[in-house]
Amino acid sequence: MAKLQKVDVVVVGAGASGSVYAAVLAKAGKKVVVLEQGPDWKLSDLVSSDFWGRRIKTAGAPFLLEGRNPMGYAYQSGWGVGGAALHYFANFPRLLPNDFKVKSEHNRGLDWPISYKDVAPWYDKVARDVGVSGDAKAEEIWRPAGAPYPMPPIETFRNVDIWLKGFESVGIRMVPAAVGMNSTAYKGRPACIYDGWCHVGCPTGALSNPIVTYLADARKAGAEVRAWSTVTRVLTDAKGDRVTGVEYHDRKKEKQFQPASAVVLAAWSAQNPRILLNSANGRHPKGLANRSGLVGKYMMTHYASGTWAIFDENVENHMGTTGAQYMSYDRYGKTSHKGAFGSSFIVAGSALKTSDLGGFANARLDLFGADLHAFMKRAARGLTRINAFGEEMPNADNRVELAGDKDEFGMPLGRIIHSYDEDVARVWNAQLRGRPQDRQCRGRQGILVRAREHPDDPPDGRNHHGLRRRQLSGRQLRPGARDRQSLRRGAGDISDIGRVESDLHHPRPFAARRRAAFSEMENGRRVNAAVAGHLLMLDAVQRSSASRMF
């Protein structure tokens, strides 16, 4: 073990939050070391390829995923300097005023001890620091006025323009999305070239990842970034009153001790409690900072729906950004959905590639071989998607704890236990009800031609995160004669991947809706692509921590 010089602060994790701490502290004159378990990526390392992009996602010790709705995290996770923010979609929605007073206004959860008014100036500061493009004035239909974004909205393409009239027809207001991508040159970084490879890292620096924003500032101010350093414990003095530094393993897997006056844990939301729980000692038998027993409790997620539409015309679906070109808070009120509780946030205009989570192939998981090939040939020109994100309320049963098995450094694996409750079930199912019919999407008529149901009772996101793929079951629908005739006329169709979904906890209502859906589709009823996008849920389930930068 090498004897290392004591520093003022050691920051664990070089991602979105760790880089901010490092920059602020280093600029204040503190001696800072940032420890990151993965490689020290540079922009020149990033390659626009889904295969290569796997390298910058989780490759460290796994977490055991348990519960009724296991939490898939691999696709949204990070591996190396920059963390998940190296390849995130860079959507920058905000918490709104109604998020801070949920207990006072609805007798659910707990109120925040701060308000939107307290946080708003920091939203504006981060937008200036990293570079956010958007139209802050347009967002004032939902939130209080604030500073303008430093750059105008990003360019839009046909893959989102085709949805806008449909959204308007059902009363959903869309505004330019707030995204951490350069619509113009900003702070020495070039404008986006809109090639749609954000999700595997941006080699030009147009995406506001930590390497080119806060971490670059931290390094310039003298902070050291030490890659291939896996922190396993936070250590304290003999009395257990103060931290003395961290124990970590270097690239040679040799144990090291980095002394420090202060420690900032800025790994991701499951790794932080894993480290704290593993740091138990005689004074802190339940883990550090865990006198309350709440460390690791209330693990939260958001879930996201993807609804696909396919048109015969070229919608330029390869162009744009992976995140969004337009967004809406029109269903963000906690009681927007009748009989349900929870917010929905809608985005439209995601660039599509061939494979991985949001690729053409995953739009139709039921197809293989020649059928999949034929679908993908058509999808390469005409497929487009919209997403709706949902929230869950805090639940102490959703938690991170230590498992009995250990990783290569002798550290216990983490166990993430997660299940959705009735609030999520109701929001989920509210998306299936009350769908208007016979609308048009900018004059283009879509046709719902198939649906499928999940074989398990509640929907499981793991097959979308590379961890496990389930065999689909359920009745498969084919277009009726009238639908086939319409398709031959080139009307286009909707691949509605979520119209028939399990009711989560109530099979009888689900069965009734399923029978209605079968009858509706077998009779050749037309549906609108944009309407389906918002009111129909949910197959492409993404799960991540409670971070708002997804």
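**Concerning the overall build of the protein chain**
Here is step 1: Helices and strands together make up the secondary structure of the protein chain, namely 12 helices and 17 strands.
Here is step 2: Expressed as a percentage of its 550 residues, the buried residues of the protein chain come to 58%.
Here is step 3: The long-range fraction of contacts in the protein chain, counting pairs at least 24 apart against all pairs at least 6 apart in sequence, stands at 74%.
Here is step 4: When the accessible surface of the protein chain is summed, it comes to about 22500 Å², and 52% of that surface belongs to carbon and sulfur atoms.

**A few points about helix 7 (residues 271–278)**
Here is step 1: Counting buried residues along helix 7, eight of its eight residues qualify, which places the element largely inside the surrounding structure.
Here is step 2: The set of residues buried in helix 7 consists of Gln271, Asn272, Pro273, Arg274, Ile275, Leu276, Leu277 and Asn278.
Here is step 3: Among the structural elements, strand 1 (7–12), strand 3 (63–66), strand 6 (230–236), strand 8 (255–265), strand 13 (399–406) and strand 14 (412–417) are those in contact with the buried residues of helix 7.

**A word on the side chain of Asn98**
Here is step 1: Its location among the elements puts Asn98 in the loop between strand 3 and helix 3 (102–106).
Here is step 2: Among the polar contacts listed, one links the side chain of Asn98 to the backbone oxygen of Tyr332, at a separation of 3.4 Å.
Here is step 3: Those residues in contact with Asn98 that sit more than four places away from it in its chain are Glu105, Tyr332, Gly333, Lys334 and Ser343.

**Quick word on the sheet that holds strand 14**
Here is step 1: Strand order across the open sheet formed by three strands is 3-14-13, with mixed pairing between neighbours. A single partner strand is all that each edge strand has here, and the edge strands are strand 3 and strand 13. Recorded for the sheet is a direction-independent mean angle of 30 degrees between the axes of neighbouring strands.
Here is step 2: Where strand 13 and strand 14 come together, five bridges link them in antiparallel fashion. In the strand pairing of strand 14, Glu401 is matched with Arg415.
Here is step 3: Set on the sheet, helix 7 makes contact with strand 3, strand 13 and strand 14; between it and strand 13 the angle comes to about 60 degrees.

**As for the packing of aromatic side chains**
Here is step 1: Evaluation of the coordinates by the stated rule reveals 14 aromatic pairs.
Here is step 2: Between Tyr73 and Trp268 the ring centres are 4.9 Å apart and the planes differ by 25 degrees, which places this aromatic pair in the stacked class. Of this pair, Tyr73 sits in the loop between strand 3 and helix 3 while Trp268 sits in the loop between strand 8 and helix 7, placing them 195 residues apart in sequence.
Here is step 3: Here Tyr73 falls in the buried class, since its relative accessible area comes to 9%.
Here is step 4: Between Tyr329 and Phe345, the ring centres sit 5.1 Å apart and the planes meet at 50 degrees, which makes this aromatic pair tilted. Here the residue Tyr329 occupies a position in the loop between strand 10 (326–328) and strand 11 (344–348), and Phe345 occupies one in strand 11, the gap between them amounting to 16 residues. When sorted by exposure, Tyr329 lands in the same class as Phe345, which is buried.
Here is step 5: Through pairs of rings, three or more aromatic residues link up here, namely Trp142, Tyr329, Tyr332, Phe345 and Phe389.

**Concerning the pairing of strand 6**
Here is step 1: For strand 6, a buried count of five out of seven residues is recorded, marking the element as mostly surrounded by other parts of the structure.
Here is step 2: Pairing of strand 6 with strand 7 (residues 243–249), which is carried by six bridges, proceeds in the antiparallel orientation. When the sheet's bridge partners are listed, Arg233 is paired in strand 7 with Glu247.
Here is step 3: Taken together, strand 6 and the strand that follows it, strand 7, pair antiparallel across an intervening segment of six residues, in which Gly240 is found at a positive phi of about 75 degrees.

**Focus: the sheet that holds strand 7**
Here is step 1: Pairing within the open sheet is mixed, and its six strands lie in the order 5-2-1-8-7-6. Of all strands in the sheet, those bounded by a partner on one side alone are strand 5 (224–226) and strand 6. Sheet twist, expressed as the average angle between the axes of neighbouring strands with direction ignored, equals 40 degrees.
Here is step 2: In the sheet, strand 2 (residues 32–35) pairs with strand 5 via three bridges, with the strands oriented parallel. Residue Leu35 lies in a different strand from strand 5, and its bridge partner there is Arg226.
Here is step 3: Packing of helix 7 onto the sheet brings it into contact with strand 1, strand 6 and strand 8, and relative to strand 6 it is tilted by some 45 degrees.

**Description of the confidence of the model for the protein chain**
Here is step 1: Predicted confidence across the protein chain gives a mean pLDDT of 80, with 77% of residues reaching 70 or more.
Here is step 2: A low-confidence stretch, residues 434–550 (pLDDT under 50), is modelled with 321 contacts involving residues beyond four sequence positions or located in other chains.

**Looking at the pattern of salt bridges**
Here is step 1: Applying the stated criterion across every chain yields a total of 22 salt bridges.
Here is step 2: One salt bridge in this structure joins Lys42 and Asp40, with 3.3 Å as the shortest N-O distance.
Here is step 3: We classify Lys42 as partly exposed; its relative accessible area is 38%.
Here is step 4: A relative accessible area of 24% places Asp40 in the partly exposed class.
Here is step 5: Note that Arg226 and Glu224 form a salt bridge whose closest N and O atoms lie 3.0 Å from each other.
Here is step 6: On the basis of relative accessible area, Glu224 is assigned to the partly exposed category, the value being 36%.
Here is step 7: A single network of salt bridges, built from pairs that share partners, joins Glu66, Arg399, Glu401 and Arg415.

**Here we look at unusual backbone geometry**
Here is step 1: For Lys187, which is not glycine, the phi torsion reads 50 degrees and is therefore positive.
Here is step 2: Given a relative accessible area of 54%, Lys187 falls into the exposed group.
Here is step 3: Although it is not a glycine, Tyr194 adopts a positive phi angle of roughly 60 degrees.
Here is step 4: Positionally, Tyr194 belongs in the loop between strand 4 (175–176) and helix 6 (214–220).

**Observations concerning the environment of Pro412**
Here is step 1: Within the secondary structure, Pro412 sits in strand 14.
Here is step 2: Taking the C-alpha atoms as reference, Pro412 lies 9.3 Å from Thr232; in sequence the two are 180 residues apart.
Here is step 3: Ignoring any residue separated from it by four or fewer positions in sequence, one finds Pro412 in contact with Arg274, Asn278, Leu402, Ala403, Asp405 and Lys406.

Analysis parameters
Residues numbered from 1 in each chain as written. Predicted model: local features only at pLDDT ≥ 70, side-chain atom pairs only at ≥ 80, totals over all residues. Heavy atoms only, no water. Helix = DSSP H or I, 4+ residues; strand = E, 2+ residues; numbered from the N terminus. Buried < 20%, exposed > 50% of the residue type's maximum accessible area, 1.4 Å probe, protein only. Contact = heavy atoms within 4.5 Å. Areas by Shrake-Rupley, 256 points an atom, 1.4 Å probe, with all protein chains shown as cover. Polar contact = N/O pair within 3.5 Å; in protein donor to acceptor, adjacent residues only side chain to side chain. Pairing = 2+ DSSP bridges. Axes fitted to C-alpha atoms, helices over the stretch in contact; angles between N-to-C directions. Phe/Tyr/Trp six-rings, centres within 6.5 Å; stacked < 30°, edge-to-face > 60°. pLDDT = per-residue confidence, 0-100. Salt bridge = Lys/Arg side-chain N within 4 Å of Asp/Glu carboxyl O.

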